[in-house]
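Architecture at a glance
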Amino acid sequence: MTAYLLGKLQVQHWDWYREYSTTTEPLVAEYGGRYLVKGGNARHLEGDEPVGDATVLIEFPDRETLLAWYDDPRYAPMRELRRKNGVDCNLMIVDGFE
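Residues numbered from 1 in each chain as written. Predicted model: local features only at pLDDT ≥ 70, side-chain atom pairs only at ≥ 80, totals over all residues. Heavy atoms only, no water.

Some remarks on the confidence of the model for the protein chain
Spelled out, the test is: The predictor reports its confidence for every residue as pLDDT, a score running from 0 up to 100. Only runs of H or I of at least four residues qualify as helices and only runs of E of at least two qualify as strands under DSSP, and these elements are numbered from the N terminus.
This prediction gives the protein chain a mean pLDDT of 94; 100% of its residues lie at or above 70. No element of the protein chain has a lower mean pLDDT than strand E2 (residues 34–39), which averages 94, and none a higher one than helix H2 (residues 63–71), which averages 98.

Structural data, given as structure tokens:
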């Protein structure tokens, strides 16, 4: 079953992003992932939670593949890079339909 990584980021500055994307985007592709949303310009419609500075939605073939990508040792430094640069990142996995 298809699985999606949904992320919402609060970003203070974007200096880190070039290094992050250079590593992360090919790694996502290697795991069969496909970016469906990558950017900003969100508009708040309901609820109290802020929309964030950027939203990402990545489709993976299944939950196991998504988790294998997330746990890949080559991705770990990119998670740390986000944290070091003060990025508040909320990520979740959502299963698609059968």
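Quick look at helix H3 (residues 76–84)
Put simply, the test is: In this scheme, a residue with accessible area under 20% of its type's maximum is buried, one over 50% is exposed, and one in between is partly exposed, where area comes from a 1.4 Å probe on protein chains only. An arc is given here, and it is the one of the directions from the helix axis to the C-beta atoms. Two residues form a contact once any of their heavy atoms are found within 4.5 Å.
When H3 is considered as a whole, its buried residues turn out to be Met78, Arg79, Leu81 and Arg82. Burial along H3 is one-sided: seen end-on, the buried residues are contained in an arc of 155 degrees. Seen from the buried face of H3, the exposed residues on the opposite side, beyond 90 degrees, are Arg83 and Lys84. The inward-facing, buried residues of H3 contact strand E1 (3–10), helix H1 (17–30), H2 and strand E4 (88–95). Directly after H3, the chain includes Gly86, whose backbone phi takes a positive value near 75 degrees.

Concerning the sheet that holds E1
What counts here: The pairing criterion is simple: DSSP has to find at least two bridges between the two strands. Whenever a helix is involved, its axis is fitted only over the stretch in contact; in every case the axis is a line through C-alpha atoms, and angles between N-to-C directions fall within 0 to 180 degrees.
Taken in spatial order, the four strands line up as E2-E3-E1-E4 in an open sheet, and their pairing is antiparallel. Looking at which strands have only one partner, the edges of the open sheet turn out to be E2 and E4. The sheet shows a mean angle of 10 degrees between the axes of neighbouring strands, direction not considered. With eight bridges connecting them, E1 and E4 associate as antiparallel partners. When the sheet's bridge partners are listed, Gly7 is paired in E4 with Leu91.

Quick look at the pairing of strand E3 (residues 54–60)
Counted residue by residue, E3 has five buried out of seven residues, so it is predominantly covered. Bridge analysis of E1 against E3 gives seven bridges, and the strand direction is antiparallel. Each bridged residue has a counterpart across the sheet, and for Leu9 the counterpart in E3 is Ala54. Where E2 lies against E3, five bridges are found, and the strand directions are antiparallel. Counted as the bridge partner of Arg34 is Glu59 from E3.

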